[in-house]
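An overview of the molecular structure
Below, each chain spelled out in residue letters.
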Amino acid sequence: MKPALIIVDMVNEFVKGRLRSPQAEKIIPVIAKLVSRARECRVPVIHVVDRHLPFDHEFRVWGSHSLAGTWDSEIIDELKPGRDEYVFPKRFYSGFRDTGLDLALRDLGIDTLFVTGIHTHICVLHTVADAFYYGYKVFLVADGVAAFSDRDHSYALEYMKNVYGAELIDSSKAIELICGRG
Ligand code: ZN
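The sections below set out a description of the structure shown in this document.

About the thresholds
- Residues numbered from 1 in each chain as written.
- Predicted model: local features only at pLDDT ≥ 70, side-chain atom pairs only at ≥ 80, totals over all residues.
- Heavy atoms only, no water.
- Phe/Tyr/Trp six-rings, centres within 6.5 Å; stacked < 30°, edge-to-face > 60°.
- Helix = DSSP H or I, 4+ residues; strand = E, 2+ residues; numbered from the N terminus.
- Expected span 1.5 Å × (residues − 1).
- Buried < 20%, exposed > 50% of the residue type's maximum accessible area, 1.4 Å probe, protein only.
- Arc of directions from axis to C-beta.
- Contact = heavy atoms within 4.5 Å.
- Disulfide = S-S within 2.5 Å.
- Salt bridge = Lys/Arg side-chain N within 4 Å of Asp/Glu carboxyl O.
- Donors = N, O, S within 2.8 Å, 3.2 Å for Na, K, Ca; no water.
- 1 Å grid on protein atoms, 1.4 Å probe; cavity = no way out; pocket = protein on both sides within 12 Å on 5 of 7 lines; lining within 4 Å.
- Points joined across faces, edges and corners; volume = space filled by probe spheres on them.
- Nonpolar A, V, L, I, M, F, W, Y, C, P; charged D, E, K, R; others polar.
- Pairing = 2+ DSSP bridges.
- Axes fitted to C-alpha atoms, helices over the stretch in contact; angles between N-to-C directions.

On to the packing of aromatic side chains, then. Per the counting criterion, the structure on display carries eight aromatic pairs. Aromatic side chains Tyr 159 and Tyr 164 sit 5.8 Å apart centroid to centroid with 75° between the ring planes, which places their arrangement in the edge-to-face category. Among the aromatic residues, those joined into a ring-pair cluster are Phe 132, Tyr 133, Tyr 155, Tyr 159 and Tyr 164.

As structure tokens, then:
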């Protein structure tokens, strides 16, 4: 297994802004712990973040949000990427769509993704769907993802497990697994 840690949309808009998840603050320390574990064993840490242009399709549904070049689309201070960590801006729900993420992961030899971030039922779900189509093994960190409501959150977790074969684990298990089994 060659893993990467994927962090979806931990930007000001979704943690502290208009489209925030009420649970977002809770997952920050969980993700931070995973980041430090990943750094210890040099597992790539990869952010995929909404950085929209003013005419993007999604605004029909959500209104304008997380525009490129604004505070809204900046990664929150608590999870600021380190020097050798990667940020892939996106304009769609999925972290794979038109971002070059798949190519980068292949160049790095990655075959397994530990997925965290927001929102469980939107950008996390679409990213996991594409990960499935591209053939990655996905560990979904259940206490490291959040949605608008518990209902959205639990439904999406079950859906990703049943439909995309994502393995649901908690963060303590993720910390145990992310550096490999020795
Ligand atoms: Zn968006």
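There's more to say after this.
Taking 1.5 Å of rise per residue, 15 residues should cover 21 Å, and helix H6 (residues 150-164) covers 20 Å from first to last C-alpha, within 8% of that figure. What H6 keeps buried is the set Asp 152, His 153, Ala 156, Leu 157, Met 160 and Tyr 164. What you see down the axis of H6 is that its buried residues fit within an arc of 130°, all on one side. Exposed residues lying more than 90 degrees from the buried face of H6 are Asp 150, Arg 151, Tyr 155 and Asn 162. Check the buried side of H6 and you find it contacts helix H5 (120-134), strand S5 (137-146) and strand S6 (167-169). Just beyond H6, the residue with positive phi is Gly 165, at close to 65°.

Overall, the coordinates contain one disulfide when judged by the stated rule. Disulfide pairing is shown between Cys 41 and Cys 179; the S-S distance is 1.9 Å. Residues Cys 41 and Cys 179 are joined through a disulfide that is left-handed, its torsion about the S-S bond being -75°. Here the residue Cys 41 occupies a position in the loop between helix H2 (24-40) and strand S2 (45-50), and Cys 179 occupies one in the segment after helix H7 (171-177), the gap between them amounting to 138 residues. Residue classification places Cys 179 among the partly exposed positions, given a relative accessible area of 26%.

Here we come to the pattern of salt bridges. Two side chains carrying opposite charge are able to pair once their charged atoms lie near each other. All chains considered together, the criterion is met by 11 salt bridges. One salt bridge connects Arg 39 with Glu 85, and the closest N-O pair in it is separated by 2.5 Å. Here Arg 39 is found in helix H2, whereas its partner Glu 85 is found in the loop between helix H3 (59-62) and strand S3 (86-90), with 46 residues between them in sequence. Overall, Arg 39 belongs to the partly exposed group, its relative accessible area being 43%. Connected via shared salt-bridge partners are Asp 9, Asp 50 and Lys 90.

The protein atoms donating to the zinc ion are Asp 50 (OD), His 52 (NE2), Glu 58 (OE) and His 65 (NE2), with metal-donor distances spanning 2.0 to 2.2 Å. The motif formed by the donor residues of the zinc ion, counted along the single chain, is D-x1-H-x5-E-x6-H. Linking Asp 50 in strand S2 with His 65 in the loop between H3 and S3, this pair joins segments that are 15 residues apart in sequence. Overall, the relative accessible area of 0% leaves Asp 50 in the buried class. A relative accessible area of 3% places His 65 in the buried class.

Below, the discussion takes up the layout of surface pockets. Empty space among the atoms can be located by rolling a probe the size of a water molecule over them. Taken as a whole, the largest pocket encloses approximately 190 Å³ of empty space. Taken together, Ala 38, Arg 39, Arg 42, Val 43, Pro 44, Val 45, Asp 84, Glu 85, Tyr 86 and Leu 108 form the lining of the largest pocket. A breakdown of the residues in the lining of the largest pocket according to their chemical character gives six nonpolar, no polar and four charged.

In spatial order, the strands read S3-S2-S1-S4-S5-S6; together these six strands make up an open sheet with parallel pairing. The sheet is open, and its two edges are formed by S3 and S6, each paired on a single side. Between one strand axis and the next, the sheet turns by 25° as a mean value, whatever way the strands run. The strands touched by H2 are strand S1 (3-8), S2, strand S4 (112-118) and S5; relative to S5, the strand with the most contacts, the crossing angle is about 140°.

Structural measurements only, silent on function.
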